[in-house]
Each structure stands twice: as C-alpha cells, then as structure tokens.
Amino acid sequence: MKNPILLFVIVFFGSLSCAQNPKSQEKEIYSYFLQEIVQLSWKLSDWDNTGNVVIEGEIEGSENRMTVFSRWNNDSLYFFFKVEDTCLRAYQTEKDHPELHLDDMVEVLIDTRNDKDSCWAEDDIVYHINLLGVKKDDRGTPECITDPTWDGNARISVQLFGTLNDTTDKDTGYLVTLALPWSELNQTPQSGLTMGVNFANGDNDGKGRQLFDWVDAWPMRSPYAFGSLILKKEERK
C-alpha cells in the first residue's frame, strides 16, 4: 500500500503548481481575416460567430451584457462591440475629457508586443469610446507613465438602439465599431500574430459607474493579466 502522506503531498503540490500557472488561466480570442468589412446590425445572425467574447456585468451590479469579436485585413484591426443596455447615458462631447469614462462606454486595451509586462509601456494603448462616439485614449511611455496627450487615429462608429439620456423609456443597447490602423499598432498583420488584449464596459444607470472587464484586471492597465488576441488568415463573415 502506498504511503498516504506521500500521496497527499504529491497531489497537493501538483495541484498548487497548476493553479499558479498563469498560462492555464489565459483567455484567448481569435481575429479572422475579412477583406471587406461591413456595417453590422443588431440582428442575431450578425453576432452568431464562433469565438465571440461575452462579458456579463452582473458581478459589478450592472444589467449590461457585452459581446465582442474581432476581424482584420491588410489595412486595420477591427473590434465590434454589442452592448445590451436598457438605459443609455453619455454626456461628454470633448475628446479626452477626464470624466468620459463615467459615461456608458466601451474600452479596449492592447499590449501590442504581448510582453505581459506590469508596466504601461510605449507599446500599450487604450481607447475609451462613449455613446456619442467621443474617445479618451492614451499610450504608455518608456518610463511607464501614461501619456494622455497621445492622439490615436482609430476610426470609430457608434449606433444607438434607444434614446440617449431619456430615462422615461427602456432602451435596447448600442453597437460600436473600432478600426485601428496597423501603423498605429506598429505591427505587420499576418496569421499567428499575437497581442495582449482586454475589453471593458462602463455602465452609468444613475447609480454611479459600474465597470466590468474580460480578464478581471486591476488596475485595468495591467498587461500581464491580459488575454491573447490571435490573428487567423482563414476568412470568416
């Protein structure tokens, strides 16, 4: 008969080793090649894609549900967001306004070199986009200091399904499309290219901001906690 104490030690430390391996917990999203990018609708068929990321806000007290997927072509990397939200609110019309993140908004953070660092370095960028299509973006620096003066060149499109800032009715939600030129990411698109990524949704229903994200990173600018975005050459709709 095996020594029960020895068996316990092997099982315990074997389990601990797996639990401490961050790679075993890493999340992935695939971005498929699509030559022609088209405008999306709210229809379920537009969002019936294998590999969608779905994030529920319930854990942060939000009733929102956000679905995200990605596509790419030789010009840009695209992110598509669908947010189910029954109360649409956004007030900031000024680019980089310090309170824009308090509006209903989507957020994407990208570690373009996928170095999984704890530092917000010059290869790391973030976009916040509110329901008015206004952005608040920044990039890291070699000194790991956020540079809010950085002005990205992403193309942004927002569609609302409801009435903005009218609390007397019940809304459906909104769609956001974000296109980032490869020159801004300082990457050459090719199958297998991997970057770190995180997605977040900010919900303002008059109870203060409720913020939830894909990988549960805190602080949010923590590239070491990001999931992986992996480019695939096979074409999908």
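Not measured: the values here are computed from a predicted model. (Residues numbered from 1 in each chain as written. Predicted model: local features only at pLDDT ≥ 70, side-chain atom pairs only at ≥ 80, totals over all residues. Heavy atoms only, no water.)

A. Main features of the packing of aromatic side chains. One pass over the structure, following the stated rule, counts 10 aromatic pairs. Summarising the aromatic geometry, the rings of Trp47 and Phe69 are spaced 5.3 Å apart at their centres and angled 75° between planes, so their arrangement reads as edge-to-face. Of this pair, Trp47 sits in the loop between β1 (28-33) and β2 (53-56) while Phe69 is found in strand β3 (residues 65-72), placing the two residues 22 residues apart along the sequence. Both rings, one in Phe81 and one in Phe199, keep their centres 6.2 Å apart while their planes meet at 80°; by these two values the pair is edge-to-face. With Phe81 in strand β4 (residues 76-84) and Phe199 in strand β10 (residues 194-204), this residue pair connects regions lying 118 residues apart in the sequence. (Phe/Tyr/Trp six-rings, centres within 6.5 Å; stacked < 30°, edge-to-face > 60°. Helix = DSSP H or I, 4+ residues; strand = E, 2+ residues; numbered from the N terminus.)

B. Spatial organisation of the state of the cysteines. As enumerated under the stated definition, the model contains one disulfide in all. Two residues share a disulfide in this structure: Cys119 and Cys144, whose sulfurs sit 1.5 Å from each other. Taking the sign of the S-S torsion, -100° for the link of Cys119 and Cys144, the bridge is left-handed. In this pair, Cys119 sits in the loop between β5 (105-111) and β6 (124-130) while Cys144 sits in the loop between β7 (135-139) and β8 (155-161), placing the two residues 25 residues apart along the sequence. Classification of Cys119 as buried rests on a relative accessible area of 12%. On the accessibility criterion, Cys144 (37% relative accessible area) is partly exposed. (Disulfide = S-S within 2.5 Å. Buried < 20%, exposed > 50% of the residue type's maximum accessible area, 1.4 Å probe, protein only.)

C. Focus on the environment of Trp120. In this fold, Trp120 is placed in the loop between β5 and β6. Each C-alpha atom of the pair Trp120 and Ile145 lies 6.7 Å from the other, and the pair is 25 residues apart in sequence. Of note is the side chain of Trp120, whose polar atom sits 3.1 Å from the side chain of Asp138. (Polar contact = N/O pair within 3.5 Å; in protein donor to acceptor, adjacent residues only side chain to side chain.)

D. Highlighting the side chain of Asp124. Mapped onto the fold, Asp124 is located in strand β6. A polar contact of 2.8 Å, which involves the side chain of Asp124, links it to the backbone nitrogen of Ala121. Excluding anything up to four places from it in sequence, Asp124 contacts Ile110, Asp111, Thr112, Cys119, Asp138, Arg139, Gly140 and Pro223. (Contact = heavy atoms within 4.5 Å.)

E. Examining the pairing of β3 more closely. Among the eight residues in β3, seven count as buried, and that is most of the element. Relative to β3, β1 runs parallel, the two sharing three bridges. For Ser31, the partnering residue across the bridge sits in β3 and is Ser70. In this structure, β2 lies alongside β3, joined through four bridges in antiparallel fashion. (Pairing = 2+ DSSP bridges.)

F. Representation of the confidence of the model for the protein in the model. Within the protein, residue pLDDT values average 89, and 89% of them lie at 70 or more. Note that residues 4-24 has pLDDT below 50 and, in this model, one contact with residues that lie over four places away or in other chains. (pLDDT = per-residue confidence, 0-100.)

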